[in-house]
Amino acid sequence: MALIIVVGGSGQHASVVYEAAVLSGMAVAGLAAMDAAAVAPAFDCPWLGSLGAIADGGIARGDRFIAACGSNALRREISETLLAWGAELASVVHPAAIVSPSACIGAGTAVLAGAIIGPRAVLGCGVIVNHAASVDHDGAVGDYGNLCPGARLAGGVRMAPGGFVGINAAVLPGLYLAENAVVGAGAVVTRDVAADDTVVGIPAVSVRRGRP
Ligand SMILES: CC(=O)SCCNC(=O)CCNC(=O)[C@H](O)C(C)(C)COP(=O)(O)OP(=O)(O)OC[C@H]1O[C@@H](n2cnc3c(N)ncnc32)[C@H](O)[C@@H]1OP(=O)(O)O
C-alpha cells in the first residue's frame, strides 16, 4: 500500500509532506494533481500525472492519498473528490513530531517536524499542523484547518472547520475560533473569534468580518 501525494498550487507544501512521509517510513508512489495540465513540481519524487488518469486505472489497488497544499478550500476540494471516488486518505506524521498517545489524528492530516499534539487533542480530516506548531491538551482542530509554523493553541482551544492560524500566532486557553476564522501572523488571540472573521495584532482585533 503506497501513498500518493496530491499537489495543489506550487508543490512547496507537497515537498514538505513528501519528506515527512519518507522519513516516517511510508512508501510513496509519487505525486499527482487534480488538473491534467499540471506540471510536476521541481523536487525529486515520481510524477504520476492527473488524478483522473489514476482513477481510470483503478484506485482500488489500495493506494492511499493526501492532499498537500496550504489552501484550506483546495485541500477540502481535493480530499472530498477523492473520498467521493471511494479512495482512502492517509495521515502523515513526521518522526520528529511529538504526538500524545491519547490524541486523535484524522485522515488526510499532516503533522510536521517539531509539532506537538497534546493529550486528548483531536485533529479532524485534512488538517495541517506545520513545523513547530502545537495543539495543547484537550484542543480540537476542525476539518481542513491550518496551523502555520510556530502557531500555538493553548489548552482546550477549539477551532471549527476551515480555520487558519498564521505563523507564530498564539491563542489563549479555552477559546473558540468559529468556522473559517483567520488569525494573522504573530497575533495573540484573547477572545473568541467569529466565523469568517480575520483578526490580527496583540491583542488580536478584527480587520475583516465576513467572507472577503
Ligand atoms: C510554511 C509557510 O510559509 S506557511 C504560511 C505562513 N503564512 C502566514 O502565516 C501568513 C499569515 N497571514 C497574515 O498574517 C495576513 O496578513 C492576514 C491573513 C492576517 C490578512 O491578510 P489580508 O486579508 O490580505 O489583509 P491585508 O494584507 O489587506 O491587511 C489588512 C490590514 O491588517 C494589517 N495586517 C495584516 N496582517 C497583519 C498581521 N499579521 N499583524 C498585524 N497587522 C496585520 C495590514 O497591515 C492591514 O492594515 P491597514 O488596513 O491598516 O493597512
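Residues numbered from 1 in each chain as written. Predicted model: local features only at pLDDT ≥ 70, side-chain atom pairs only at ≥ 80, totals over all residues. Heavy atoms only, no water.

The name recorded for the protein in an unreviewed UniProt entry is Acetyltransferase, from Novosphingobium clariflavum. Taken verbatim from the UniProt record of the protein, the Sequence similarities (unreviewed entry) comment is "Belongs to the transferase hexapeptide repeat family." (UniProt positions renumbered as here; feature names shortened; annotations may be inferred.)

1. Concerning the pairing of strand 4 (residues 64-68)
Burial runs high along strand 4: four of the five residues are buried. Bridging between strand 1 (residues 3-7) and strand 4 involves five bridges; their strand directions are parallel. Note on strand 4: the bridge partner recorded for Leu 3 is Arg 64. Across two bridges, strand 4 lies against strand 5 (residues 88-89) in parallel orientation. Looking at strand 5, one finds that Phe 65 is bridged to Leu 89. (Buried < 20%, exposed > 50% of the residue type's maximum accessible area, 1.4 Å probe, protein only. Helix = DSSP H or I, 4+ residues; strand = E, 2+ residues; numbered from the N terminus. Pairing = 2+ DSSP bridges.)

2. What to know about helix 3 (residues 72-84)
Helix length check: helix 3, at 13 residues, gives a terminal C-alpha distance of 18 Å against a target of 18 Å (1.5 Å per residue), a fit within 8%. Every buried residue belonging to helix 3 is among Asn 72, Arg 75, Ile 78, Ser 79 and Leu 82, and all of these are buried. Looking straight down helix 3, one finds its buried side chains confined to an arc of 135°; they lie on one side. Opposite its buried face, helix 3 presents the exposed residues Ala 73 and Ala 84, each directed more than 90 degrees away. (Expected span 1.5 Å × (residues − 1). Arc of directions from axis to C-beta.)

3. Considering the sheet that holds strand 14 (residues 140-141)
Taken together, the five strands give an open sheet; going across it, the order is 8-11-14-17-20, and neighbouring strands pair in parallel fashion. The open sheet is flanked by strand 8 (104-105) and strand 20 (176-177), the only strands paired with a single partner. In the sheet, strand 17 (residues 158-159) pairs with strand 20 via two bridges, with the strands oriented parallel. The residue of strand 20 that forms the bridge with Met 159 is Leu 177.

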